[in-house]
Amino acid sequence: MKKNIGAKPALYPMPVVVAGAMNGDEPTWTLVAHTGIPSHSKIMVSLAAAHFINGCIKQTGVLSVNVVDESWLAKADYCGSVSGARQSKADVFAWTAGEAGVPLIDDARLSMECRVEDVYEVDHFENFICSVAGTYADDAIVTEDGRVDVAALSPVLFEMPTYTYLRTGEKVADCLSFAKARKAAEAE
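Residues numbered from 1 in each chain as written. Predicted model: local features only at pLDDT ≥ 70, side-chain atom pairs only at ≥ 80, totals over all residues. Heavy atoms only, no water.

Trainee: Account for the sheet that holds strand S11 (residues 157-159), naming residues and giving values.
Mentor: Reading across from one edge, S1-S11-S12 is the order of the 3 strands in this open sheet, with antiparallel pairing throughout. Since the sheet does not close on itself, it has two edges, and those belong to strand S1 (14-15) and strand S12 (164-166), each with one partner. The sheet contact formed by S11 and S12 spans 3 bridges and is antiparallel. Paired with Phe-158 across the two strands is Tyr-165, which belongs to S12. (Pairing = 2+ DSSP bridges. Helix = DSSP H or I, 4+ residues; strand = E, 2+ residues; numbered from the N terminus.)

In structure tokens form, the structure reads like this:
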């Protein structure tokens, strides 16, 4: 039997990312655990309104989304513990500028260069709705047909409310494979 445990956003875990933006001539970074896909052509990065990086993003209109794997999780975690308003985080990562000028983390095997289309404030969070201007992927995580192999990427996941990092799990099945099998069985 199920019981009501309250009004909880129980859609976790989510991939951990580091958002990057330019602060004048140097990059600034922050750890992000609230991201989403509101449509097939847009992504959302949700940041507490008080974050220093928000002003940088609004000023430039662009940001990077760098998917975290275990090899650089400690650096990513650090970026969530230090405010860019009090301390520069420019030297935390080696980086390369994307075509739109956003800083892309060299250690990230998957980075997206994003243009801000809109910003929605909800419960003291600014939700940046972005179009992806470019996706930069390490050859080792790209399949022959040009898709990202999530198993090879092995992104770190964030679970709330326990505030824990998790490893990516194994593939269970292909999407809609159960429906196809059911339809085939019904046709017999």
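Trainee: Now, about helix H1 (residues 52-60): what can you tell me, with residues and values included?
Mentor: Helical periodicity: at 3.6 residues per turn, an α-helix aligns residues three or four positions apart in one direction. All buried positions along H1 are accounted for by Ile-53, Asn-54, Cys-56 and Ile-57. Around the axis of H1, the buried residues are gathered within 165° of arc, so they sit on the same side. Taken together, the buried residues of H1 touch strand S2 (17-23), strand S3 (26-32), strand S5 (42-48), strand S6 (62-67), strand S9 (110-122) and strand S10 (125-137). (Buried < 20%, exposed > 50% of the residue type's maximum accessible area, 1.4 Å probe, protein only. Arc of directions from axis to C-beta. Contact = heavy atoms within 4.5 Å.)

Trainee: Tell me about the packing of aromatic side chains, residues and numbers included.
Mentor: The full count for this structure, using the stated rule, is 4 aromatic pairs. Aromatic pair Tyr-12 and Phe-158: ring centres 6.0 Å apart, planes at 75°, arrangement edge-to-face. With Tyr-12 in the segment before S1 and Phe-158 in strand S11, the pair connects residues that are 146 residues apart, well separated along the chain. Taken individually, Tyr-12 and Phe-158 each receive the classification buried, so the pair is uniform in this respect. A centroid spacing of 5.3 Å and a plane angle of 90° characterise the contact between Trp-72 and Phe-93, whose relative ring orientation is edge-to-face. Of this pair, Trp-72 sits in the loop between S6 and helix H2 (73-79) while Phe-93 sits in the loop between H2 and strand S7 (95-97); the two residues are 21 residues apart in sequence, bridging distant segments of the chain. Residue Trp-72 shares its accessibility class with Phe-93, and that shared class is buried. Each residue in the set Tyr-12, Phe-158 and Tyr-163 is aromatic and connected to the rest through ring pairs, giving one cluster. (Phe/Tyr/Trp six-rings, centres within 6.5 Å; stacked < 30°, edge-to-face > 60°.)

Trainee: Tell me about the nonpolar core, residues and numbers included.
Mentor: One finds Leu-47, Ile-57, Leu-63, Val-65 and Cys-114 to be the most contacted residues of the largest nonpolar core, which totals 20 residues. Listed by contribution, the elements that provide at least two residues to this core are S2, S5, H1, S6, S9 and S10. Residues in contact with Leu-47, not counting those within four places in the same chain, are Thr-30, Val-32, Ile-53, Asn-54, Ile-57, Phe-125, Glu-126 and Phe-128. Counting residues in hydrophobic clusters, the runner-up holds 16 residues, among them Tyr-12, Val-16, Leu-73 and Phe-93. (Core = buried A, V, L, I, M, F, W, Y, C linked by side-chain atoms within 4.5 Å.)

Trainee: Explain the pairing of S2 to me, and be specific about the residues and the numbers.
Mentor: Among the 7 residues of S2, 6 are classified as buried, and the element is accordingly described as predominantly covered. Once S2 ends, the chain turns through 2 residues before running back antiparallel as S3, passing Gly-24 with a positive phi of about 70°.

Trainee: Tell me what's going on with the side chain of Lys-89, and back it up with residues and numbers.
Mentor: Tracing the sequence through the fold places Lys-89 in the loop between H2 and S7. Despite its burial, Lys-89 remains without a salt bridge, the nearest opposite charge being carried by Glu-26 at 11 Å. Polar contacts involving the side chain of Lys-89 include one to the main-chain carbonyl oxygen of Trp-29, which spans 2.7 Å. Residues contacting Lys-89, with those up to four places away along its chain left out, are Pro-27, Thr-28, Trp-29, Thr-30, Cys-79, Val-82, Ser-83 and Gly-84. (Lys, Arg positive; Asp, Glu negative; His and termini not counted. Salt bridge = Lys/Arg side-chain N within 4 Å of Asp/Glu carboxyl O. Polar contact = N/O pair within 3.5 Å; in protein donor to acceptor, adjacent residues only side chain to side chain.)

Trainee: Tell me what's going on with the pattern of salt bridges, and back it up with residues and numbers.
Mentor: Applying the stated criterion across every chain, the model contains 7 salt bridges. The closest approach of N and O atoms between Glu-126 and Lys-58, which form a salt bridge, is 2.4 Å. Separated by 68 residues along the polypeptide, Glu-126 in strand S10 and Lys-58 in helix H1 bring together distant segments of the chain. The exposure class of Glu-126 is buried, given its relative accessible area of 7%. A relative accessible area of 47% places Lys-58 in the partly exposed class. Linking Arg-147 and Asp-145 is a salt bridge whose minimum nitrogen-to-oxygen distance equals 3.5 Å. Residue classification places Arg-147 among the exposed residues on the basis of a relative accessible area of 59%.

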